[in-house]
Amino acid sequence: MIDIAQLRREPDVVKAALARRGVDGAVLDSIIALDVAHRQRLQEAEKLRADVKELSRQVGEARRTKDNETAEALTAQSRELGGAERAASEASDELAATLRGELLMIPNLPSEDTPDGADESDNVEVRRWWVGMDDGAPFPTYGEHQRMPHWEVAKELNILDLEAGVKLAGSMFPLYRGDGSRLLRALGAFALDQHRDAYEEIRPPSFALTETMMSTGHLPKSQDDMYAIERDDLWAIPTAEVPLTSMHRNEILDASVLPIRMTAQTPCFRREAGSAGRDTRGLLRVHEFDKVELFAYCLPEQAPAAHADILARAEGLLQKLGLTYRVLDLCAGDLGTSSARTVDLEVFSPGVDRWLEVSSVSWFRDFQARRANVRYRTESGTQFVHTVNGSALAWARIWAAVVETFRLEDGSVTIPDVLVPYLGGQTHLVAPTS
RNA sequence: GGAGAGGUGGGUGAGUACGGUUUAAACCACAUUCCUGCUAAGAAUGCGACCUGCGAAAGUGGGUCCGAGGGUUCGAAUCCCUCCCUCUCCGCCA
């Protein structure tokens, strides 16, 4: 949530920043007007409330001194004021609710570093990485054997059963089998181990309360992209960011414990409501996938380093896996609702001949912390923490990139060295001999 | 799922039978200062969060918060209703 006090204090700055991501200034003007009206009503209600309290105190006093006549008179007077107080409070509460509803729909202010731009075509490519780059190797040219889409590779090796997934849960719910399932498991275990030096491993619930989903900004704005379990008033999490951000909800932390860094692998559920018919083949876009997330609560001044650390770790995993990738600085228009700055990592997958987003590393400033009410103590009071997070990594697309990139001419697939221990020493995926 | 007991500030914990000097006692912890003096002890003071008014600021006025949300009342930690959570026992279960 943006800071209403800042909007009050410097409306032009906020408007200019949000204009970069397409927010109409008129919306902000109406919020400012609501805010003024709300505080006016609040003042009226509080004044009346104070009067009622004072009268009630006097009633008590009169009763004690057995002055029933005075007590009756004061009670009548207070009752009358009470009616006015109730009306004023209701008006104030209603305005407050409207105001909050409006504020929850306003996205975060882009950071100064975030490039200008309207949509994903304006994202800025920062760099590319590929195996051998440092030794002067040119950008990879991929052989014909690597140009087979992963769903075909998987069919040959019998490691993915998309038809079975459809039978069980409908389209875009993949089912991995045999070595395919083991490969997926290896990826997650490998990544979690890589982060053990600095990030506490968490295994959170895969469902979250509405309040929890609000904190990260996934609700109310992206409601249609979330799976709802209405009977129990729960939502399926779209990323571990959701539970991790709420770990310390409504808490005031000692500054000395920051940064708090956590990592978690969870299933991620996404309805992909706006993208029906797009990327329907294979693992390019699925309703459920596993992902390891890195997350940090930090002091504002720690946030840039925390962001850089998560980015470096995500890149480090890609490099250890030997996958070609590029780094994109997201432009203001393509930023997620809650983010002030986001850097995406896209892996190149030769079989489908596309760059696939496999990580999104974001700095939210205090936007999520304000919603989640996570603060730390300072000498002069409390401040909201900053939150930073990033995927490291999203495995469905990595899985696809691995089986495409490392496919050999004989049709088998080489397991990246770093994963071999996690597959019990197995070095290749080979077609079953039947 | 059933029965019972509970949920009060950072912690412990009074207050709830009977609504009003409770603006939530006391203790611990914590902070500052003083005294003392050496791996101690003592004294004084302070000690929440949020919203909001006035003020340049220091500050100061008001409101809200006793698990959550409603209700009754001139007035609710206290009475009523719904829900959540914790503990004990029973049932069921990987």
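Keep in mind it's a predicted model, so treat the numbers as computed, not measured.

Some details on the overall build of chain A
A tally of helices and strands in chain A yields 12 helices and 16 strands. Across chain A, the fraction of contacts at a sequence separation of at least 24, relative to all contacts at a separation of at least 6, is 74%. Accessible area for chain A stands at about 20700 Å²; split by element, carbon and sulfur atoms hold 49% of it. Charge-centre separation for chain A: the mean point of 49 positive side chains lies 4 Å from the mean point of 68 negative side chains.

Some details on the protein's contact with RNA strand B
As a structural note, the neighbourhood of RNA strand B is formed by 22 residues, with Gln43, Arg49, Ser78, Arg375 and Thr382 the closest of them. Here a phosphate oxygen of RNA strand B sits 2.4 Å away from a polar atom, N or O, in the side chain of arginine 49. A distance of 2.5 Å separates a phosphate oxygen of RNA strand B from a polar side-chain atom of threonine 382. Secondary-structure elements contributing two or more residues to the surface near RNA strand B are helix 3 (25-64), helix 4 (68-104) and strand 12 (374-378). Looking at the surface near RNA strand B, the element that brings in the most residues is helix 3, giving 13 residues. When grouped by side-chain class, the residues that make up the surface near RNA strand B number 5 nonpolar, 6 polar and 11 charged.

Brief notes about the nonpolar core
The biggest cluster of nonpolar side chains holds 64 residues, and the ones touching the most others in it are Leu318, Leu323, Trp395, Ile398 and Trp399. Discounting residues that sit within four places of it in the chain, tryptophan 399 has contacts with Ala154, Ile159, Leu160, Tyr176, Gly180, Leu183, Leu184, Leu187 and Leu283.

Digging into the environment of tryptophan 129
Within the fold, tryptophan 129 resides in strand 1 (residues 124-129). Under the relative-accessibility criterion, tryptophan 129 is labelled buried at 14%. Considering only alpha carbons, one finds tryptophan 129 and tyrosine 325, 196 residues apart in sequence, at a separation of 5.4 Å. Every residue in contact with tryptophan 129, bar those within four places of it in the chain, is listed here: Leu318, Gln319, Gly322, Leu323, Thr324 and Tyr325.

Points about the pattern of salt bridges
Per the counting criterion, the structure on display carries 31 salt bridges. Taking the shortest distance from any N to any O, the salt bridge between arginine 365 and glutamate 112 comes out at 3.3 Å. Taken together, the positions of arginine 365 in the loop between strand 11 (354-363) and helix 11 (367-372) and glutamate 112 in the loop between helix 4 and strand 1 put the pair 253 residues apart, joining distant regions of the chain. Looking at glutamate 112, the relative accessible area reads 65%, which means it is exposed.

Considering the packing of aromatic side chains
If you walk through the whole model with that rule in mind, you get 10 aromatic pairs. Where tyrosine 176 meets tryptophan 399, the ring centres are 5.2 Å apart and the plane angle is 70 degrees; that geometry is what we call edge-to-face. Of this pair, tyrosine 176 sits in the loop between helix 6 (162-169) and helix 7 (179-194) while tryptophan 399 is found in helix 12 (residues 395-405), placing the two residues 223 residues apart along the sequence. For tryptophan 399, a relative accessible area of 0% corresponds to the buried category. An aromatic cluster of at least three residues, connected via ring pairs, comprises Trp130, Phe139, Tyr142, Phe348 and Trp355. A cation over an aromatic ring shows up here: arginine 128 above the ring of phenylalanine 139, its NZ or CZ 5.3 Å from the ring centre. Over the ring of tyrosine 199 we find arginine 261, and its NZ or CZ is 5.2 Å from the ring centre.

Quick look at the packing of helix 3 against helix 4
Packing of helix 3 against helix 4 leaves a shortest axis separation of 7 Å and a crossing angle of 160 degrees. By the angle between their axes, helix 3 is roughly antiparallel relative to helix 4. Crossing of helix 3 over helix 4 shows left-handed handedness. Among the residues forming the contact of helix 3 with helix 4, the class breakdown is 21 nonpolar, 13 polar and 8 charged.

Focus on the sheet that holds strand 3 (residues 207-209)
If you trace the 3 strands from one edge of the open sheet to the other, you get 3-5-4, paired in antiparallel fashion. With partners counted over all chains shown, the strands left at the sheet margins are strand 3 and strand 4 (228-229), one partner each.

Regarding the domain arrangement of chain A
Taken domain by domain, chain A consists of domain 1 (4-104) and domain 2 (120-429). Relative placement of domain 1 and domain 2: their C-alpha centres are 44 Å apart.

Quick look at the pairing of strand 8 (residues 288-298)
Most of strand 8 is tucked away: 9 of the 11 residues are buried. Of the pairings in the sheet, the one linking strand 7 (residues 260-269) to strand 8 comprises 10 bridges and is antiparallel in character. If you follow threonine 266 over to strand 8, its bridge partner there is lysine 291. In the sheet, strand 8 pairs with strand 14 (residues 386-394) via 7 bridges, with the strands oriented antiparallel. Bridge pairing links alanine 296 to valine 388 in strand 14.

A few points about the side chain of aspartate 344
One can find aspartate 344 in strand 10 (residues 341-349). As a buried residue without a salt bridge, aspartate 344 has its nearest oppositely charged side chain in arginine 397, at a separation of 8.2 Å. A polar side-chain atom of aspartate 344 sits 2.7 Å from a polar atom in the side chain of serine 360. Not counting residues up to four positions away in its chain, the partners in contact with aspartate 344 are Arg326, Val327, Leu328, Leu330, Glu357, Ser359 and Ser360.

So, the sheet that holds strand 6 (residues 251-253)
The 3 strands are arranged 6-12-13 in an open sheet whose pairing can be described as mixed. Lying at the two open borders of the sheet, with one neighbouring strand each, are strand 6 and strand 13 (381-384). Neighbour-to-neighbour, the strand axes of the sheet open up by a mean angle of 40 degrees, direction not taken into account. Bridge analysis of strand 6 against strand 12 gives 3 bridges, and the strand direction is parallel. Bridged to isoleucine 252 within strand 12 is arginine 375.

Reading the values: the criteria
- Residues numbered from 1 in each chain as written.
- Chains lettered and ligands numbered in written order.
- Predicted model: local features only at pLDDT ≥ 70, side-chain atom pairs only at ≥ 80, totals over all residues.
- Heavy atoms only, no water.
- Helix = DSSP H or I, 4+ residues; strand = E, 2+ residues; numbered from the N terminus.
- Contact = heavy atoms within 4.5 Å.
- Areas by Shrake-Rupley, 256 points an atom, 1.4 Å probe, with all protein chains shown as cover.
- Lys, Arg positive; Asp, Glu negative; His and termini not counted.
- Charge placed at Lys NZ, Arg CZ, Asp CG, Glu CD.
- Near = heavy atom within 4 Å.
- Polar contact = N/O pair within 3.5 Å; in protein donor to acceptor, adjacent residues only side chain to side chain.
- Nonpolar A, V, L, I, M, F, W, Y, C, P; charged D, E, K, R; others polar.
- Core = buried A, V, L, I, M, F, W, Y, C linked by side-chain atoms within 4.5 Å.
- Buried < 20%, exposed > 50% of the residue type's maximum accessible area, 1.4 Å probe, protein only.
- Salt bridge = Lys/Arg side-chain N within 4 Å of Asp/Glu carboxyl O.
- Phe/Tyr/Trp six-rings, centres within 6.5 Å; stacked < 30°, edge-to-face > 60°.
- Lys NZ or Arg CZ within 6 Å of the ring centre and 35° of its normal.
- Axes fitted to C-alpha atoms, helices over the stretch in contact; angles between N-to-C directions.
- Parallel < 35°, antiparallel > 145°, perpendicular 65-115°, else oblique.
- Left-handed = near helix turned anticlockwise from the far one by under 90°.
- Pairing = 2+ DSSP bridges.
- Domains from an automatic or database assignment.

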